Amino acid sequence: MWKKLLIGLFAASGVAQSTDGLYNLVKRRLPNHIDNFQFNLVSNITGNDYDQFTVRNSPNGTVIVQGTSLSALSSGLHRYLTDVAHVDIYWFIGSRLDQAPAELPRLHAPIVGSSTVPWRYHFNTVTFSYTTAFWSWEEWETELDWMALRGINLPLAWVGAEKIMVEVFQEIGLTDAEIATFLSGPAFQAWNRFGNIQGSWGGDLPTEWIDQQFALQKKIVRRMVELGMTPVLPAFTGFVPNNISRVYPDASVVRSSSWNGFQVRYTNDSFLEPFDDHFATLQASFLRKQQAAYGNVTHIYTLDQYNEMDPYSGNLDYLRNVTSTTWKSLKNVDPDAIWLMQGWLFYSSSDFWTDERVKAYLSGVEDDSDMLILDLFSESEPQWRRTDSYYGKPWIWCQLHDYGSNMGLYGQISNITQNATQALSESSSMVGYGLSPEGQEGNEIVYDLLLDQAWSATPMDTEKYFHNWVTSRYTGSKSIPQGLYDAWETMRKPVYDNTDLTDIDAVIKSIFELQPGVEGLLDKTGHHGTMLTYDPSVVTEAWQSMFHAANEEPTLWHNPAYQHDMVDVTRQVMANAFIPLYSNLISTWNSSSKDTLTQDGQKLIQLLIDLDSVLSTSENFRLSTWIDSARSWADNESQASFYEYNARNQITLWGPRGEITDYASKQWGGLISSYYIPRWKIFVEYLQTATVSAYNDTILGDRLLDFELGWQKQKWSDEPSSMVNDLEQILTEVHQRWQNVFA
């Protein structure tokens, strides 16, 4: 079965395996060592059916990497760089590969690797909004090199899909105005592609944006192929502008279910039933236009029709007919087509998706190898067990980990090593490991761990893994103090190995990111839980070890990885410290002690002020980085304002009236000072005037919403006044001011 799934890798016409892409990667990231590596494609090394590599030295010192595919070669290169040269490339920090020794170290013995699965997958559809919505080519170039070196060979490629979509709709006679009512803004395109929302609040999607993203996608797809990846391209899902009936008056069109409380104008998308003949026509147009744009580079297509929405009917024959006709529409254009879908719907809408309905829906694809399912939340809510391995359909074990690109130290390292390995031994149709976070964020080590697990037949030794990760992470300093190893080991089990998923199953949010209130903030459970799964003193201890490590090795203060991680861990320490301050405030209010209430409120606000100062030292933790990226795509001030509004709205109200408020909240310098602190001030001031008996959620909520709506329309012009480059000075001041609270 897996061999058919590999058909898209290099069998597509016009795509030949060439090592030029890898040599170019070395030239980009290790320019002083371009002549020190040799890449050779071979047919077999270990006898394994999947990707294999070996790394050895030639007599003249050249590092020779042999592999059965480009992805195998890049994985072998990565093993050498991390395990021997101790350098790597990271999210946020960027490439540290240029820190490799001038004379590359020789290997004591060859390195041999074999993947345990044919596929290593990356991206969630919503990652393209929560993380990459406003990325430049430079950011994508770094991401693609990161992906290649980590052995990813099956990435989702959603950028610029609106261009193809618009051309298909124009071809059948829909006007630009009719199409504009369907397309969503830059920060919300993922949910438009899913059919959850339609239209755009704050303005229409500019044509210039559509063209710019299309041009960017061409670069992305080309580079994916050069680096040995099979891009997963979109297909026509069936969601169409409401005026489709004008051009297709006889079409079978139904309205999708509403989503997350949005007004009808922004949801209940029109859905062209797949068994309608027009569906196949639009599918053919979409796929052929896409192939003309990017070349014959893949046979794998992403297509999700019921993400967090129920089908029009639960009748088993109806469900089977939907998938059968959808599948045939793909195969009619591309006989080798494979339909990739996220299995999230079977979990998120489990009340609808009974076992018999899941089975009926999947059975519409008669050839099992023509479908590939992402078990999107395998570490917490594995659906493959419930569905008997998706009734024989190939599937990928995925780690979701994070919702809304929230920021909190968290992991499930036992689940993504032991449970994932067990799944591979139990399910013959498991064909890959994948990353499916809603947003890329600071817990990079857990994502690295799962991708490396794909190359190990037994569960990874996490203690050894964390130690080696630290060695490569902080390269560039004269030495790596023991305190850094101690810090990460301190956090490894308590912070990064949550195995009790009763209450918390993903990254933990801080309560200061939530709309203030007197109850409902503490110990929240579920996807956006606020309940800590560890003793906060653990993170404080790790933070102190990291801080004191720089006393032993002062060059760490100039190390980008250390700077980033010190900000991130300090952020968590301060976010945790906010909890008792808030509890004290509520307790004081309940006791009607006005003077103490004022003092408690001031202390709470001061902690946020200081946290804003810490975050503002790093561009990776600043609101301005997100907004500047959004505005950079604009051709004029009107577009810039629209893009900024999109960027602001997504991370706060998430909807014109706060339909999903604080879902994608961030702990960023500038966001805390301009958004969270004013909200908490409004809250504290209200408590000072309202007794317990007179407290009114509606009055407070209206005041907060008035502020929040106004904030959406502001223009960012200045960096936070507290922004300085001296992280050491700020952390020293923070430690002195809050040492009793942090203890």
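For the structure itself, consult the block above.
Residues numbered from 1 in each chain as written. Predicted model: local features only at pLDDT ≥ 70, side-chain atom pairs only at ≥ 80, totals over all residues. Heavy atoms only, no water.

## A word on the overall build of the protein
- Of the regular secondary structure elements, the protein holds 29 helices and 17 strands.
- Seen through its principal axes, the protein has C-alpha atoms that stretch 75 × 75 × 50 Å.
- Of the roughly 26,000 Å² of accessible surface on the protein, 45% is carried by carbon and sulfur atoms. (Helix = DSSP H or I, 4+ residues; strand = E, 2+ residues; numbered from the N terminus. Areas by Shrake-Rupley, 256 points an atom, 1.4 Å probe, with all protein chains shown as cover.)

## What to know about the nonpolar core
- Grouped together as the largest cluster of nonpolar side chains are 252 residues, with contacts concentrated most on Tyr-80, Trp-191, Tyr-361, Tyr-496, Trp-654, Trp-680 and Phe-683.
- Looking at this core, the element that brings in the most residues is helix H23 (residues 560-590), giving 15 residues.
- Residues in contact with Trp-654, not counting those within four places in the same chain, are Tyr-130, Phe-188, Trp-191, Trp-201, Trp-259, Phe-262, Asn-649, Glu-659, Ile-660, Tyr-663 and Ala-664. (Core = buried A, V, L, I, M, F, W, Y, C linked by side-chain atoms within 4.5 Å. Buried < 20%, exposed > 50% of the residue type's maximum accessible area, 1.4 Å probe, protein only. Contact = heavy atoms within 4.5 Å.)

## Looking at helix H3 (residues 20-29)
- Within the sequence span of H3, burial applies to Gly-21, Leu-22, Leu-25, Val-26 and Arg-29. Buried residues in H3, looked at end-on, bunch into an arc of 145°, giving them a common side.
- As for H3, its buried residues are in contact with strand S1 (37-41), helix H4 (70-83), strand S4 (89-90), strand S5 (94-95), helix H6 (137-149) and helix H10 (207-226). (Arc of directions from axis to C-beta.)

## Concerning the sheet that holds strand S2 (residues 52-57)
- Within the open sheet, the four strands sit side by side as S1-S3-S2-S6. Their pairing is mixed. Of all the strands in the sheet, just S1 and strand S6 (111-114) have a single pairing partner and so form its edges. In this sheet, neighbouring strand axes are inclined to one another by 15° on average, regardless of whether the strands run parallel or antiparallel.
- Both S2 and S6 contribute to a ladder of four bridges, which runs antiparallel. The residue of S6 that forms the bridge with Thr-54 is Val-112.
- The strands touched by H4 within the sheet are S1, S2, strand S3 (63-67) and S6, with S1 carrying the most contacts at an inclination of about 150°. (Pairing = 2+ DSSP bridges. Axes fitted to C-alpha atoms, helices over the stretch in contact; angles between N-to-C directions.)

## Side note on the sheet that holds strand S11 (residues 253-255)
- Reading across from one edge, S10-S12-S11 is the order of the three strands in this open sheet, with antiparallel pairing throughout. Looking along the sheet, the strands with just one partner apiece sit at the ends: strand S10 (239-240) and S11.
- In this structure, S10 lies alongside strand S12 (residues 270-272), joined through two bridges in antiparallel fashion. Note on S12: the bridge partner recorded for Phe-239 is Phe-271.

## Digging into the packing of helix H21 (residues 482-492) against helix H22 (residues 536-552)
- Here H21 crosses H22 at 170°, and the two axes come no closer than 8 Å. On the basis of the axis angle, H21 is roughly antiparallel to H22. The way H21 lies across H22 gives a crossing that is left-handed. For the pair formed by H21 and H22, the contact residues are Gly-483, Leu-484, Ala-487, Thr-490 and Met-491 on the first element and Val-538, Glu-541, Ala-542, Ser-545, Met-546 and Ala-549 on the second. (Parallel < 35°, antiparallel > 145°, perpendicular 65-115°, else oblique. Left-handed = near helix turned anticlockwise from the far one by under 90°.)

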